[in-house]
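Single-letter residue listing:
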Amino acid sequence: MSLTELIYAGSNAVAGLTEGAVKDAIEKHGEGHVVGFPDTAYFLPVIYAATGVKIKKLGDLPAAVAILKSLITNKDDLGDALNAGLATAVGAEIIEALRYVEGDPYADDSGIGFVPDPVIRSLGVPLVTGDIPGIAVLLGESADPASLAAIVKDYQEKGLLTFMVGNIIEQAQASGVKMGLDYRVIPLGHEVTSVIHVVSVAIRAALIFGAVEPGKLGDFLTYTKERVPAFINTFGPLDEVVVSVGAGAIALGFPVIADTVVPEVAGALMTQADHAKTVETSLEARSIKIKVTKIDVPVSVASAFEGERVRKDTMFAEFGGNKTKCWELVKEADLADVEDHKITLIGPDMDDAMFAGADVVRLPLGIFVEVAGKAMQKDFESVLERRIHYFTNYIDGAMHVGQRNIAWIRITKEAYEKGFRLKHIGEVLYAKMRADFNNVVDKCQVTLYTNLEDVERLETEMVKPIYNQRDERLDALTDESVDTFYTCTLCQSFAPSHVCVVTPERLGLCGAVSWLDSKATKELDPAGPSQPILKGEAIDACAGIWQSVNETVAAASQGAVEKVTLYSILEDPMTSCGCFECICGIMPEANGVVIVNREFGAISPVGMTFGELASMTGGGVQTPGFMGHGRHFIGSKKFMSAEGGLTRIVWMPKELKDDVGERLNKAVFEMTGIENFVDMVCDETIATESEAVLAYLEAQGHPALAMDPIM
Ligand code: SF4
Ligand code: NI
Ligand code: NI
């Protein structure tokens, strides 16, 4: 069979299966029965994107099957055959959706199946920063499990996000590959149709970040080809269905690299039979560049290990976490006073004789990183110090939680047995500081203290006074006190017209970019994503309108957005890319707003989940009434100041209330004299129904009820 014949054979087979499955489901459950995936605002995302049709019940499916069949022309033309591959994708989406009709089909599977919207949103930042440089989709069953596992581990160490379909999941697991979202290796499922769940991720990226209009299939294909850095590796012999799935992938712009002999299509379909070269061939095919920092430690160090948790039963040593003291400090020093790459441990290490026979090694720890460089500024100390958290977490076998003098580090037995010792933390910090901050750090030395006397004395004499000075500086840092704001355009790689305006009192909506971060980014990468905006006179200081901001945003968004009001949700609000930590929406009957964070899965008082609220805005488009923002912005005196400010907040999930409560209370008290404002804000443990929320607000005398009408 020729390639096109193979593709059509697969597509026709899937079309037949889909048609039959839809018929059976309608017979069994009736046309009115609901069909859909969990926690998404985009219905059956691939069908919605391709056609604009919102499939909600089984009765909607026959029309989709008809469209699917129309995509299969059976003409001997490669372009047509690739479209037939898209038909296979549509068929796979329908078959998978039908599997969800009777509950979660992945409940007892090693695969996770459908990937919910909030997970995709959380991947936005690592993808735009290049922290996740690409997406690998692995499919099939390998004749050689050991080399398969080596491929997965290699992707993991390079930071890629890997999705797996088929028996390779168990094969890799058996070879010791660590899996789960936390390890950036995601098993989707065993049936070949489960590959649709990664296609769905790519398509929803275009909906969420790209604001591509549903129904414009061509625009989606352009988006995935240009902006989603994915590719496919197949293992083992290919049947027609896999070939037609591959055709669909190629239509999306994702090259397919097979380990068996396939008819090659330049740049799109190729054979690489040597597993030792699979990674290299794949990265080249998708033009993915990997930045490597060689670090001399006995374990892997990669961003893919960032989410790893170290539990009690796998833990060898622990520092901080209320059991011992643990602090970390980055301090600027004179070039002459820093000896580059000097790593010193003062005090006992994890393998000290005194721990012989101990259950767990517990030591106090002080991590003191001194950096020097001509372009280094005092303001960057905290930016670099915050990176200690990430860099330490990159270590396979280390967990880092917290910051400053509430840091908490755990090391696994596995890492210890491989020879990992405290000085290696110093090695990792040294290497990453030099690599990631090369423009400002010319020299770096790390000293680790583990004698209680040193750790305590230095904390009192050196560490705490520096933290205090920084806090004073941060408190004094207001939008009025600086003459420069910054743009951040990092997310433009996914949301082409989105621009964040970062000010001291309004951080980037992802929560990851503060004004100080932007300032440091400008220094590190002068032509990069953070560009200064010389503020000048305000047109309206309360609403946050500046001529300079409007002009910069217009230029940086290529004219897509002409005016931005920094402190308003209604009048020219700042755009959202899609990766915001929180979404704020108006609750008209309460004369205020609700805020929902990404982690909250249930429905909010405005009748929508985070995912549904989030889908109202995004892609760099202004949507009055909806605003994506960072957690830290709650507690800023500039929050919605055009509409009356923080006292408009009427409802937040409990966890978010607890997280931001202290700052929020302080800001509201300073602005209005109201004490313990957070207690007046409703949450899901009190009420989620509109009427009950209102009753609570009234009982609390919530100030929003007495404010001017919000709209
Ligand atoms: Fe994206 Fe804005 Fe965060 Fe920059 S500050 S990474 S543009 S969300
Ligand atoms: Ni880790
Ligand atoms: Ni973003």
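Starting afresh in each chain, residues are numbered from 1 along the sequence in its written order. The order in which chains are written sets their letters, starting at A; the order in which ligands are written sets their numbers, starting at 1. For a predicted model such as this one, the threshold for reporting local features is a pLDDT of at least 70, and the threshold for listing and counting side-chain atom pairs is 80 or more; totals across whole chains, interfaces and linings nevertheless cover every residue. By convention in this description, side-chain values take in all heavy atoms of the structure and omit both hydrogens and water.

The name recorded for the protein in an unreviewed UniProt entry is CO-methylating acetyl-CoA synthase, from Acetobacterium bakii.

Caption draft 1: Just the packing of helix H7 (residues 145-157) against helix H12 (residues 275-285), in detail. Direction vectors running N to C along H7 and H12 enclose 30 degrees, while the axes themselves pass 8 Å from each other. Classed by the angle they form, the pair H7 and H12 counts as roughly parallel. For the pair H7 and H12, the sense of crossing is right-handed. Contacts between H7 and H12 involve Ser147, Leu148, Ile151, Asp154 and Tyr155 from the former and His275, Thr278, Val279 and Ser282 from the latter. Axis lines are fitted to C-alpha atoms, over the contacting stretch for helices. Their N-to-C directions set the angle, which ranges from 0 to 180 degrees. For helices the rule is a DSSP run of H or I covering at least 4 residues; for strands it is a run of E covering at least 2, with both sets numbered from the N terminus onward. Orientation categories follow fixed angle ranges, with anything under 35 degrees roughly parallel, anything over 145 roughly antiparallel, 65 to 115 roughly perpendicular, and all other angles oblique. We call a crossing left-handed when the near helix sits turned anticlockwise from the far one by less than a right angle, and right-handed when that turn is clockwise. By definition, residues are in contact when any of their heavy atoms lie within 4.5 Å.

Caption draft 2: Representation of the domain arrangement of the protein in the model. Where each domain starts and ends follows an automatic or database-derived domain assignment. According to the domain assignment, the protein consists of domain 1 (3-285), domain 2 (306-351 + 358-468) and domain 3 (484-706). Of note, the centres of domain 2 and domain 3, computed from C-alpha atoms alone, are 33 Å apart. On the domain 3 side, the residues contacting the 11 residues of domain 2 number eight residues. Once two parts are joined, some of their accessible surface, as seen by a 1.4 Å probe, is lost; buried area is that loss totalled over both. Around 760 Å² of area is buried between domain 2 and domain 3 when both sides are counted, 63% of it from carbon and sulfur atoms.

Caption draft 3: View of the pairing of strand E4 (residues 230-235). Within E4, six of the six residues are buried, leaving the element largely enclosed by the surrounding structure. Buried, partly exposed and exposed residues are distinguished by accessible area as a fraction of the type maximum, computed with a 1.4 Å probe on protein chains only: under 20%, between the cut-offs, and over 50%, respectively. Neither face of E4 is open: one carries Ala230, Ile232 and Thr234, the other Phe231, Asn233 and Phe235, and all of them are buried. Should DSSP find at least two bridges between two strands, the strands are taken to pair. Here three bridges tie E4 to strand E5 (residues 256-258), and the two strands are oriented parallel to one another. Considered in E5, the bridge of asparagine 233 is made with isoleucine 257. With strands facing away from the observer, any crossover in which the path from the first strand over the helix to the second runs clockwise is taken as right-handed. Read as a crossover between parallel neighbours, the route from E4 over helix H11 (residues 240-251) to E5 is right-handed.

Caption draft 4: Molecular detail of the coordination of the nickel ion (ligand 3). Distances up to 2.8 Å from the metal define which N, O and S atoms are donors, and 3.2 Å serves for Na, K and Ca; water is absent from the atom set, so sites may look incomplete. Those protein atoms acting as donors to the nickel ion (ligand 3) are Cys491 (SG), Cys577 (SG) and Cys579 (SG), and they sit at 2.1 to 2.3 Å. Written as a sequence motif, the donor arrangement for the nickel ion (ligand 3) is C-x85-C-x1-C. With cysteine 491 in the loop between strand E15 (484-488) and strand E16 (500-502) and cysteine 577 in the loop between helix H18 (547-556) and strand E20 (582-587), this pair connects stretches of sequence that are 86 residues apart. The exposure class of cysteine 491 is buried, given its relative accessible area of 13%. With a relative accessible area of 1%, cysteine 577 lands in the buried category.

Caption draft 5: Just empty space enclosed by the protein, in detail. Throughout, the protein atoms alone are placed on a 1 Å grid, and a set of points is a cavity if a 1.4 Å probe fits but cannot get out or a pocket if it is open with protein on both sides within 12 Å along at least five of seven lines; lining residues have an atom within 4 Å of a point. Grid points are joined across faces, edges and corners, and a volume is the space filled by probe spheres set on the points. Using the criterion set out here, one finds one cavity of 30 Å³ or more in the structure. Volume-wise, the largest cavity comes out at about 80 Å³. Residue lining of the largest cavity: Ile120, Leu123, Leu127, Ile135, Leu161, Val201, Ala202, Ala205, Phe209, Val228 and Phe494, and that is the complete set. Ten residue types, Ala, Val, Leu, Ile, Met, Phe, Trp, Tyr, Cys and Pro, are classed as nonpolar, four, Asp, Glu, Lys and Arg, as charged, and the remainder, Gly among them, as polar. Grouping the amino acids of the lining of the largest cavity by side-chain chemistry returns 11 nonpolar, no polar and no charged.

Caption draft 6: Seen up close, the layout of surface pockets. Quantified by volume, the second largest pocket comes out at close to 450 Å³. Along the walls of the second largest pocket sit 40 residues, with Val242, Val243, Val245, Gly246 and Ala247 positioned nearest its centre. At the level of secondary structure, the elements contributing two or more residues to the lining of the second largest pocket comprise helix H1 (3-29), helix H4 (78-99), strand E1 (135-140), helix H9 (196-208), E4 and H11. Among the elements that make up the lining of the second largest pocket, the one with the highest residue count is H11 (nine residues). Across the lining of the second largest pocket, the residue classes break down as 34 nonpolar, six polar and no charged.

Caption draft 7: Fine view of the site of ligand 1. Near residues are defined by distance, with any heavy atom within 4 Å of the molecule or strand qualifying the residue. Taken together, the residues surrounding ligand 1 are Cys488, Leu490, Cys491, His498, Cys500, Gly508, Leu509, Cys510, Val513, Cys577 and Cys579. Here the shell around ligand 1 is built from residues that sort into nine nonpolar, two polar and no charged.

Caption draft 8: The pattern of salt bridges, seen in detail. A side-chain nitrogen of Lys or Arg and a carboxyl oxygen of Asp or Glu constitute a salt bridge if their distance falls within 4 Å. For the structure shown, the criterion picks out 38 salt bridges. The residue arginine 421 makes a salt bridge to aspartate 351 at a minimum N-O spacing of 2.9 Å. Residue arginine 421 is located in the loop between helix H14 (413-417) and helix H15 (422-436), and its partner aspartate 351 is located in the loop between strand E9 (342-346) and strand E10 (361-362); the two are separated by 70 residues in the primary sequence. You can call arginine 421 buried: its relative accessible area is 18%. Across the pair glutamate 670 and lysine 637 runs a salt bridge, and its minimum N-O distance is 2.5 Å. Taken together, the positions of glutamate 670 in helix H20 (residues 654-672) and lysine 637 in the loop between strand E22 (626-629) and strand E23 (649-651) put the pair 33 residues apart, joining distant regions of the chain. Take glutamate 670: its relative accessible area is 44%, and that puts it in the partly exposed class. The structure contains a network of salt bridges with shared partners spanning Lys178, Glu308, Asp396, Glu414 and Lys418.

Caption draft 9: Representation of the pairing of strand E21 (residues 592-597). Among the six residues in E21, six count as buried, and that is most of the element. Taking the residues between adjacent antiparallel strands as the criterion, E20 and E21 are bridged by four residues, where asparagine 591 takes a positive phi near 60 degrees. Two elements, E21 and E23, share two bridges in a ladder whose sense is parallel. Counted as the bridge partner of valine 594 is tryptophan 651 from E23.

Caption draft 10: Molecular detail of the coordination of the nickel ion (ligand 2). Those donors, Glu308 (OE), Asn393 (O), Ile395 (O) and Ala398 (O), are the protein atoms that reach the nickel ion (ligand 2), and they lie 2.3 to 2.5 Å from it. Every geometry call rests on angle ranges, with four donors termed tetrahedral when all angles are between 85 and 135 degrees, four termed square planar and six termed octahedral when opposite donors are over 155 degrees apart and all others are between 65 and 115, and everything else termed irregular. Note that the nickel ion (ligand 2) binds four donor atoms; their angles at the metal cover 80 to 151 degrees, and the shape is irregular.

Caption draft 11: Molecular detail of H7. Take the number of residues in a helix, subtract one, and multiply by 1.5 Å to get its expected span. Compared with an ideal rise of 1.5 Å per residue, which puts 13 residues at 18 Å, H7 spans 18 Å between its outermost C-alpha atoms and is within 8% of the ideal. Buried within H7 are the following residues: Ser147, Leu148, Ala149, Ile151, Val152, Tyr155 and Gln156. Packed against the buried residues of H7 are E1, strand E2 (161-165), helix H8 (168-174), strand E3 (185-189), E4 and H12. With its phi angle positive at about 90 degrees, glycine 159 sits one or two positions after the end of H7.

Caption draft 12: Local environment of the UniProt feature "domain: Carbon monoxide dehydrogenase subunit alpha ,N-terminal" (unreviewed entry) in the protein. UniProt positions are given in the numbering used here, feature names are shortened, and annotations may be inferred rather than shown by experiment. Per the UniProt annotation, the sites labelled "domain: Carbon monoxide dehydrogenase subunit alpha ,N-terminal" (unreviewed entry) are residues 19-101. Each end of residues 19-101 is marked by a C-alpha atom, and these two atoms are 16 Å apart; helix forms 60% of the span and strand 0%.

Caption draft 13: Spotlight on H18. Those residues of H18 that sit buried are Ser548, Val549, Asn550, Val553 and Ala556. Its buried side turned inward, H18 meets E15, E16, strand E17 (532-534) and strand E19 (545-546).

Caption draft 14: How the structure looks around the sheet that holds E22. Spatially, E22-E20-E21-E23 is the arrangement adopted by the four strands of the open sheet, whose pairing is mixed. Taken across any chain shown, the strands that pair with only one partner, and hence form the sheet edges, are E22 and E23. Taken over all neighbouring pairs, the strand axes of this sheet differ in orientation by 35 degrees on average, direction set aside. As judged from the six bridges shared by E20 and E21, these two strands associate in the antiparallel manner.

Caption draft 15: Region of interest: the environment of glutamate 537. By the secondary structure assignment, glutamate 537 is in the loop between E17 and strand E18 (538-540). A C-alpha to C-alpha distance of 8.6 Å links glutamate 537 and serine 548, two positions 11 residues apart in sequence.

Caption draft 16: Looking closely at the environment of phenylalanine 305. Assignment of secondary structure puts phenylalanine 305 in the loop between H12 and strand E7 (315-320). Among all residues touching phenylalanine 305, those that are not within four sequence positions of it are Gln156, Glu157, Tyr183, Ser300, Asn393, Tyr394, Ile395 and Asp396.

Caption draft 17: Just the nonpolar core, in detail. Residues belong to one nonpolar core when they are buried, are Ala, Val, Leu, Ile, Met, Phe, Trp, Tyr or Cys, and are joined through side-chain atoms within 4.5 Å. In terms of nonpolar packing, the biggest core is built from 181 residues, with Ile94, Phe319 and Met350 touching the most fellow members. Here this core gets 11 residues from one element, more than from any other, and that element is H4. When sequence neighbours within four positions are dropped, the list of residues in contact with isoleucine 94 reads Thr18, Val22, Ile47, Leu61, Ala64, Val65 and Leu68. Membership of the second largest hydrophobic core comes to 25 residues, among which are Met627, Phe633, Val668 and Met680.

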